[in-house]
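# Examination of the molecular architecture
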Amino acid sequence: QQQVKQSPQSLIVQKGGISIINCAYENTAFDYFPWYQQFPGKGPALLIAIRPDVSEKKEGRFTISFNKSAKQFSLHIMDSQPGDSATYFCAASWSGTYKYIFGTGTRLKVLA
Amino acid sequence: DSGVTQTPKHLITATGQRVTLRCSPRSGDLSVYWYQQSLDQGLQFLIQYYNGEERAKGNILERFSAQQFPDLHSELNLSSLELGDSALYFCASSVGGPEKLFFGSGTQLSVL
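Since we're looking at a predicted model, the values are computed, not measured.

### Details of the interface of chain B and chain A
Contacts between the two partners involve 22 residues from chain B, matched on the other side by 20 residues from chain A. Both faces considered, chain B and chain A share a buried interface measuring about 1600 Å² in area, 63% of it formed by carbon and sulfur atoms. Contact with chain A buries surface across chain B, with Leu-43, Pro-98 and Glu-99 of chain B losing the most and accounting together for 32% of the total. If you look at where chain B meets chain A, you find one salt bridge.

### Focus on the packing of aromatic side chains
As enumerated under the stated definition, the model contains 25 aromatic pairs over all chains in all. Taking the centre distance of 6.2 Å and the plane angle of 55° together, the rings of Tyr-33 of chain B and Phe-45 of chain B count as tilted. Here Tyr-33 of chain B, found in strand β4 (residues 31-38), pairs with Phe-45 of chain B, found in strand β5 (residues 42-50); they are twelve residues apart in sequence, far enough to count as distant. Both residues of the pair, Tyr-33 of chain B and Phe-45 of chain B, count as buried. Through successive ring pairs, a cluster of aromatic residues spans Tyr-32, Tyr-36, Phe-89, Tyr-100 and Phe-102 of chain A together with Tyr-33, Tyr-35, Phe-45, Phe-90 and Phe-103 of chain B. Of note, Arg-26 of chain B hangs over the ring of Phe-102 of chain B, and the distance from its end group to the ring centre comes to 3.6 Å.

### Some details on the pattern of salt bridges
A pair can form between side chains of opposite charge whenever their charged atoms are brought close. All names here are of chain B. Going through the model one piece at a time under the given rule, you end up with eight salt bridges over all chains. The partner of Asp-85 in a salt bridge is Arg-63, and the shortest N-O contact between them spans 2.8 Å. Placement of Asp-85 in the loop between β8 (74-78) and β9 (87-94) and of Arg-63 in the loop between β6 (53-57) and β7 (64-68) is noted, with a sequence separation of 22 residues between them.

### A short note on the nonpolar core
Counting 26 residues, the largest nonpolar core has Val-4, Phe-33, Trp-35, Phe-73, Leu-75 and Tyr-88 of chain A as its most contacted members. If you list the elements that add at least two residues to this core, you get β2 (10-14), β3 (19-25), β4 (33-38), β5 (45-50), β7 (62-67), β8 (72-77), β9 (86-93) and β11 (106-111) of chain A. Ranked by residue count, the leading element in this core is β9 of chain A, at four residues. In this view, Phe-33 of chain A contacts Tyr-25, Ile-48, Ala-49, Ile-50, Pro-52, Ile-64, Phe-66, Phe-73, Ala-91 and Ala-92 of chain A; residues no more than four positions away in its chain are not counted. One finds Leu-21, Phe-64, Ala-66 and Leu-81 of chain B within the second-largest nonpolar core, a separate group that totals 21 residues.

### Things to note about the pairing of β4 of chain B
Residue and element names in this part refer to chain B. Summarising burial for β4: eight of the eight residues are buried, a large majority. Burial along β4 is two-sided: the face carrying Ser-31, Tyr-33, Tyr-35 and Gln-37 and the face carrying Val-32, Trp-34, Gln-36 and Ser-38 are both buried. The pairing of β4 with β5 spans eight bridges and is antiparallel. Among the inter-strand pairings, Gln-36 is bridged to a residue of β5, identified as Gln-44. Pairing between β4 and β9: seven bridges, direction antiparallel. By the bridge assignment, Ser-31 is partnered in β9 with Ser-94.

### Details of the sheet that holds strand β1 (residues 5-7) of chain B
Residue and element names in this part refer to chain B. In space, the four strands of this open sheet follow the order β1-β3-β8-β7, with antiparallel pairing throughout. Each edge of the open sheet is held by one strand with a lone partner, namely β1 and β7. Mean inter-strand twist for the sheet, computed between neighbouring axes without regard to direction, equals 15°.

### What about the environment of Cys-23 of chain B?
Residues and elements named next belong to chain B. Tracing the backbone through its elements, the reader meets Cys-23 in strand β3 (residues 19-24). Judged by its relative accessible area of 0%, Cys-23 falls in the buried class. It is 18 Å that separates the C-alpha atoms of Cys-23 and Pro-98, two residues lying 75 residues apart in sequence. Contact partners of Cys-23, with chain neighbours within four places excluded, come to Val-4, Thr-5, Val-32, Trp-34, His-73, Ser-74 and Cys-91.

Calculation criteria
Residues numbered from 1 in each chain as written. Chains lettered and ligands numbered in written order. Predicted model: local features only at pLDDT ≥ 70, side-chain atom pairs only at ≥ 80, totals over all residues. Heavy atoms only, no water. Contact = heavy atoms within 4.5 Å. Buried area = accessible area lost by both parts, 1.4 Å probe. Salt bridge = Lys/Arg side-chain N within 4 Å of Asp/Glu carboxyl O. Phe/Tyr/Trp six-rings, centres within 6.5 Å; stacked < 30°, edge-to-face > 60°. Helix = DSSP H or I, 4+ residues; strand = E, 2+ residues; numbered from the N terminus. Buried < 20%, exposed > 50% of the residue type's maximum accessible area, 1.4 Å probe, protein only. Lys NZ or Arg CZ within 6 Å of the ring centre and 35° of its normal. Core = buried A, V, L, I, M, F, W, Y, C linked by side-chain atoms within 4.5 Å. Pairing = 2+ DSSP bridges. Axes fitted to C-alpha atoms, helices over the stretch in contact; angles between N-to-C directions.

Below is the structure:
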């Protein structure tokens, strides 16, 4: 019940295309859903986050879509660039505790 | 630079040994999180401290322990090391609750 399931495990996209990564959760107590970006040799860095009171949040080329009833959320990267090639992690946390659970990661490669 | 400092960057040791990983959070952050990252397991939540007190525990082995000191730095102690403990260990900090996490660059532990 505390898991966050992420798919796909890896993704290859052409430059200029749309990258879509999906996550699903079970615990309805989660109230914060971030996405992190990790480059090789670096720690993950927060990319964008959403709370369950909104269905979509957009920051530049990055958009989170949130479906509360389906308990799913996804990251869309528009106009994907080679510099976006990284590993992306979804995560979930809830303010009632201090736990912060990550998905298994998606390795994105954007071809030039 | 996230402002979170982890030392050492690399650690090579033998099975059965004990090591200590150190983390200095961002200035002003009261929470410290520890994660283990291996290729097939993603980011596994180990333990979290808030202002010196343990607040949440994840999949942390009994051979592992941690603490947060009055100056808010944290140490993760790994004992009776096994080959399977080889991984990248990340520390992250946040101001307080489980919202935006700032990750250090990690400590790569190799158990030979």
